[in-house]
Amino acid sequence: MAAWAKAAALRLLRALLTLLAVFTITFAISRLVPGDPAALWVGPRPRPEEVERARQFLNLDKPLPEQYLLYLLGLFRGDLGLSIRTHNPVLQDISSVLPATLELVVAAFALSSLLGALLGVAAAARYRRPADASIRLLSTVTASLPAFFTGIALQLLVVGTGLPLPIAGRLSPEASVLSPITPLTGLYTLDALLEGNLPGFRDALMHLLLPALALSAYPFGLTARMVRTMMVEVLEELHTKALTAWGLPRRLVLYKYALRNALSPALASLALSFSYTLTGAFLVEVIFAWPGLGSYMALSILSLDYPATLGSTVVVASFYIAANFLVDLAQAYLDPRLRASA
């Protein structure tokens, strides 16, 4: 336990230093972007005195090192600044759109992880058989397609075949009126279930299906291939063959013993899958008109709203680093050999 605690402390320190580096880089980039934030804050046809007041209000009149320190202090207080486009606190804007992104990311990650792991185990159990080749081909194809292409292809497929699936938005206008969902957590499917609103749940789930499928394609392929590779190695080890020789059921050997030993190295692919779904959600949200953090950031970039763009980048980077940190801890806990390499 002491070795695991030491490994956890070192990994936490590395994660915090990485986060600080991300903060510094994003701040530097925001100051290199062309344009005058103070003039954008005032609006069209700004007068010089209005621009000067805005510059003082936004602390742009201070030296760059002082601006950086104020920026870091604000981050530690949870202050991401004010949006130039909405004039609202960036944290308030992000808090209103983040649940939509989290719902999409969690659905895509759960779908890709579950299906990828199951098909990876199935492929390893049928090593070098037609089923194994088919699963490997499927995982290669899905991992090769970018999320935006998969999303557009799914939309064209639905429109071309007349499938009764929505291709945009989170909730239909009819459901918004007839079965409105009270936002408790901001996750429409969960909120509808908590309220017992089954019509609203069905509508929200139907809207979630296509973007989640588009976003889960690459992580599914990555997870399936990684789990298959690790499972093949574990199944070839002597102790696993001994379990089969002792007469244990094949399913028990696969899912209780072999999968546990293959899980630690496969966790790295799960971290990559989560990170991809988080960053890949941006393009998918734009394609499916999903009102999440990706759509918010796209509008912020187009309007040169650097505080909102900077705040969104910081939030995404924080989730990314936190996910990798948790996977590092899980791997160190499952595999004692990794604790020494912290």
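Structure first, text after, so check above.
This text gives an overview of the structure that appears in the document. These numbers come from a predicted model, not from an experiment. Residue indices follow the written sequence of each chain, beginning from 1 at its first position. For this predicted model, a pLDDT threshold of at least 70 governs which residues receive local features, and a threshold of 80 or more governs which side-chain atom pairs are given and counted, while totals over whole chains, interfaces and linings are taken from all residues. Think of the side-chain values as coming from all heavy atoms in the structure, minus any hydrogens and water.

### Points about the overall build of the chain
Working step 1: Of the regular secondary structure elements, the chain holds 14 helices and 0 strands.
Working step 2: In terms of overall dimensions, the chain has a C-alpha envelope of 85 × 55 × 35 Å along the principal axes.
Working step 3: Two residues qualify as a contact provided that any one of their heavy atoms is within 4.5 Å of a heavy atom in the partner residue. Within the chain, counting contacts between residues at least 6 apart in sequence, those at least 24 apart form 72% of the total.
Working step 4: Areas reported as accessible are Shrake-Rupley estimates using a 1.4 Å probe. Residue values count occlusion only from the protein chains shown. Entry remark: accessible area of the chain is about 18100 Å², with carbon and sulfur atoms responsible for 70%. Strands here mean DSSP runs of E at least two residues long; helices mean DSSP runs of H or I at least four residues long; both are numbered from the N terminus.

### Description of the pattern of salt bridges
Working step 1: For salt bridges, the criterion is a side-chain nitrogen of Lys or Arg within 4 Å of an Asp or Glu carboxyl oxygen. In total, this model carries 7 salt bridges according to the counting rule given.
Working step 2: Glu49 is the partner of Arg47 in a salt bridge, and the nearest nitrogen-oxygen pair spans 3.7 Å.
Working step 3: Take Arg47: its relative accessible area is 47%, and that puts it in the partly exposed class.
Working step 4: The exposure class assigned to Glu49 is partly exposed, which follows from its relative accessible area of 41%.
Working step 5: Note that Arg55 is salt-bridged to Glu52, the shortest N-O span being 3.6 Å. Pair noted here: Arg55 and Glu52 are both in helix α3 (residues 48-57), with a separation of 3 residues, about one helical turn.
Working step 6: Burial status follows relative accessibility: with a 1.4 Å probe on protein chains alone, a residue under 20% of its type maximum counts as buried, one over 50% as exposed, and anything between as partly exposed. Looking at Arg55, the relative accessible area reads 21%, which means it is partly exposed.
Working step 7: A network of salt bridges, in which partner residues are shared, links Arg47, Glu49 and Glu50.

### Re the side chain of Arg228
Working step 1: Mapped onto the secondary structure, Arg228 falls in helix α10 (residues 198-235).
Working step 2: Here a polar contact is taken to be a pair of N or O atoms separated by no more than 3.5 Å, where protein atoms must pair a possible hydrogen donor with a possible acceptor and residues adjacent in sequence count only if both atoms sit in side chains. Reaching out from Arg228, the side chain makes a polar contact with the side chain of Asp132 at a distance of 2.7 Å.
Working step 3: In this structure, Arg228 is in contact with Gly120, Ala123, Ala124, Tyr127, Asp132 and Arg136, ignoring residues within four places of it in sequence.

### Section: the nonpolar core
Working step 1: In terms of nonpolar packing, the biggest core is built from 46 residues, with Phe23, Tyr71, Leu75, Ile94, Leu104, Leu293 and Tyr296 touching the most fellow members.
Working step 2: For this core, the secondary structure elements donating two or more residues are α1 (2-32), α4 (64-76), α5 (90-125), α7 (147-161), α10, α12 (250-287), α13 (293-302) and α14 (306-334).
Working step 3: Here this core gets 10 residues from one element, more than from any other, and that element is α14.
Working step 4: Other than its neighbours up to four places away in sequence, Ile94 contacts Leu80, Leu293, Tyr296, Gly311, Ser312 and Val315. The set of buried Ala, Val, Leu, Ile, Met, Phe, Trp, Tyr and Cys residues whose side-chain atoms join them within 4.5 Å is what this entry labels a nonpolar core.

### Some thoughts on the packing of α5 against helix α6 (residues 130-144)
Working step 1: In contact at an axis separation of 8 Å, α5 and α6 are set at 145 degrees when each is read in the N-to-C sense. Classified by chirality, the crossing of α6 by α5 is left-handed. Residue-level inspection shows Leu119, Ala122 and Ala123 of α5 in contact with α6, the latter providing Asp132, Ile135 and Leu138.
Working step 2: Classification used: nonpolar for Ala, Val, Leu, Ile, Met, Phe, Trp, Tyr, Cys and Pro, charged for Asp, Glu, Lys and Arg, polar for all others including Gly. Along the lines of polarity and charge, the residues of the contact of α5 with α6 split into 5 nonpolar, no polar and 1 charged. Angles run from 0 to 180 degrees between N-to-C directions of axes, and those axes are lines fitted to C-alpha atoms, restricted for helices to the stretch in contact. What makes a crossing left-handed is the near helix being turned counterclockwise from the far one by less than a right angle; a clockwise turn instead makes it right-handed.

### Digging into a nonpolar patch on the surface
Working step 1: Only residues above 30% relative accessible area that lack a salt bridge enter a patch, with like-charged residues linked at up to 9 Å and the nonpolar side chains Val, Leu, Ile, Met, Phe, Trp and Tyr linked at up to 5 Å. Among the surface-exposed residues, Leu137, Val141, Leu145, Phe148, Phe149, Ile152, Leu156 and Leu283 lie close enough to one another that they form a single nonpolar patch of about 750 Å² accessible area.
Working step 2: Sorting the residues of the nonpolar patch by element identifies α6 and α7 as the ones contributing at least two each.
Working step 3: Here the nonpolar patch gets 4 residues from one element, more than from any other, and that element is α7.
Working step 4: Relative to the helices and strands, Val141 resides in helix α6.

### What to know about the packing of helix α9 (residues 188-195) against α10
Working step 1: With their axes 8 Å apart at the nearest point, α9 and α10 run at an angle of 165 degrees to one another. When the axes of α9 and α10 are compared, the pair comes out roughly antiparallel. The interaxial crossing formed by α9 with α10 has left-handed handedness. Taken together, the residues of α10 that come into contact with α9 (itself represented by Tyr188, Thr189, Ala192 and Leu193) are Gly200, Phe201, Ala204, Leu205 and Leu208.
Working step 2: Of the residues in the contact of α9 with α10, the class split is 7 nonpolar, 2 polar and no charged. Any angle from 65 to 115 degrees is called roughly perpendicular, while one under 35 is roughly parallel, one over 145 is roughly antiparallel, and all others are oblique.

### Side note on the layout of surface pockets
Working step 1: Size it by volume and the largest pocket reaches roughly 510 Å³.
Working step 2: As for the largest pocket, its lining consists of 21 residues, and the residues nearest its centre are Leu58, Asn59, Tyr71, Gly81 and Leu82.
Working step 3: Elements with a contribution of two residues or more to the lining of the largest pocket: α1, α4 and α14.
Working step 4: Broken down by element, the lining of the largest pocket gets its largest block of residues, 6 residues, from α4. Here a cavity means grid points, on a 1 Å grid over the protein atoms only, where a 1.4 Å probe fits yet cannot get out; a pocket means an open set of points with protein on both sides within 12 Å along at least five of seven lines; lining residues are those with an atom within 4 Å of a point. Grid points are joined across faces, edges and corners, and a volume is the space filled by probe spheres set on the points.

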